[in-house]
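# Structural overview for review
Here's the letter readout for the chains.
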Amino acid sequence: MARLTINGRSLEVNVNPTTPLLWAIREQVGLTGTKYGCGIAQCGACTVHLDGVAVRSCVVSVAAAEGRQITTIEGLAAGGTLHKVQKAWVDHEVPQCGYCQAGMIMAVVALLKDKPTPTDADIEAGITNICRCGTLQQVREAIHAAAKA
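Residues numbered from 1 in each chain as written. Predicted model: local features only at pLDDT ≥ 70, side-chain atom pairs only at ≥ 80, totals over all residues. Heavy atoms only, no water.

Time to look at the environment of Ala147. Looking at the element boundaries, Ala147 is found in helix H6 (residues 136–148). When its relative accessible area of 17% is taken as the criterion, Ala147 is described as buried. Taking the C-alpha atoms as reference, Ala147 lies 9.6 Å from Lys113; in sequence the two are 34 residues apart. Once residues within four sequence positions are removed from consideration, Ala147 is found in contact with Leu112, Pro116, Thr117 and Pro118. (Helix = DSSP H or I, 4+ residues; strand = E, 2+ residues; numbered from the N terminus. Buried < 20%, exposed > 50% of the residue type's maximum accessible area, 1.4 Å probe, protein only. Contact = heavy atoms within 4.5 Å.)

On the secondary structure map, Asn16 appears in the loop between strand E2 (9–13) and helix H1 (21–29). The exposure class of Asn16 is partly exposed, given its relative accessible area of 45%. Note: C-alpha distance between Asn16 and Ile130 (114 residues apart in sequence) is 29 Å. Of note is the side chain of Asn16, whose polar atom sits 2.8 Å from the side chain of Thr18. (Polar contact = N/O pair within 3.5 Å; in protein donor to acceptor, adjacent residues only side chain to side chain.)

What follows concerns the packing of helix H3 (residues 84–91) against H6. Between H3 and H6, the least distance of the axes is 8 Å, while the angle of their chain directions is 135°. In terms of axis orientation, H3 runs oblique to H6. Seen along the crossing, H3 lies across H6 with a hand that is right-handed. Of the residues in H6, those touching H3 at Lys84, Val85, Ala88 and Trp89 are Val139, Ala142, Ile143, Ala145 and Ala146. Residue composition of the contact of H3 with H6, grouped by class: eight nonpolar, no polar and one charged. (Axes fitted to C-alpha atoms, helices over the stretch in contact; angles between N-to-C directions. Parallel < 35°, antiparallel > 145°, perpendicular 65-115°, else oblique. Left-handed = near helix turned anticlockwise from the far one by under 90°. Nonpolar A, V, L, I, M, F, W, Y, C, P; charged D, E, K, R; others polar.)

In this section: H6. A rise of 1.5 Å per residue sets the reference length of H6, with its 13 residues, at 18 Å; its end C-alpha atoms lie 19 Å apart and thus fit the reference within 8%. For H6, the set of buried residues is Val139, Arg140, Ala142, Ile143, Ala146 and Ala147. Each buried residue of H6 sits inside an arc of 165° when the element is viewed along its axis, so together they form one side. If you follow the buried residues of H6, they end up packed against H3, helix H4 (101–114) and helix H5 (120–126). (Expected span 1.5 Å × (residues − 1). Arc of directions from axis to C-beta.)

Before going further, it helps to examine a nonpolar patch on the surface. On the surface, Trp23, Tyr36 and Tyr99 cluster together into a nonpolar patch covering about 290 Å² of accessible area. Among the secondary structure elements, Tyr99 is positioned in the loop between H3 and H4. Tyr99 gets classed as partly exposed once you look at its relative accessible area, which sits at 40%. (Patch = residues over 30% accessible without salt bridge, like charges linked within 9 Å, V, L, I, M, F, W, Y side chains within 5 Å. Areas by Shrake-Rupley, 256 points an atom, 1.4 Å probe, with all protein chains shown as cover. Salt bridge = Lys/Arg side-chain N within 4 Å of Asp/Glu carboxyl O.)

Another aspect to go through is the nonpolar core. The biggest cluster of nonpolar side chains holds 24 residues, and the ones touching the most others in it are Val85, Trp89, Met104, Val108, Ile127 and Ile143. Elements supplying a minimum of two residues to this core: H3, H4 and H6. The biggest single contributor to this core is H4, with nine residues. With near-sequence residues (within four places) excluded, Ile143 lies in contact with Trp89, Val108, Leu112, Pro118, Ile123 and Ile127. Residues Val15, Leu50, Val55 and Val60 belong to the second largest nonpolar core, which totals 17 residues. (Core = buried A, V, L, I, M, F, W, Y, C linked by side-chain atoms within 4.5 Å.)

We now examine the packing of H3 against H4. Where H3 meets H4, the closest approach of the two axes is 9 Å, and the angle between their N-to-C directions is 125°. As the angle between them shows, H3 and H4 are arranged oblique. Along this stretch, H3 crosses H4, giving a crossing that reads as right-handed. Between H3 and H4, the residues in contact are Lys84, Val85, Gln86 and Trp89 and Gln101, Met104, Ile105, Val108, Val109 and Leu112, respectively. Here the contact of H3 with H4 is composed, by residue class, of seven nonpolar, two polar and one charged.

It is worth stressing that arrangement in space is one thing and function is another; only the former is reported here.
This is how it looks when you write it as structure tokens:
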């Protein structure tokens, strides 16, 4: 048994300690906003926060996450109010298929924590998530809007 703290809740999951955190979140806890994309930390669909830092959960073991604060896309909104990045995503009509968006939003929240007013160069360097739909212009606009909110 492993004890994980996800979105402020302490949970026990019965998995091998080497199991990727992604699978514990999705299969054991039932939070399916975090997506599987590539399994090798390249696409970013599985991005979550570990102690406030964006990580690709497909390559982080459950053992490495024990005793740390894990935040998923489901944990961003507070009291029924969307996080400013989630709101910017809606306002700027970013998602098309939506598959990568949870991971992208988690990466952007971490970027804005470190760089509250990012330049386009900061965005390009900091957001390496892959979006097959090609909404990167809307992503950039939404990030700038969220930075001003």
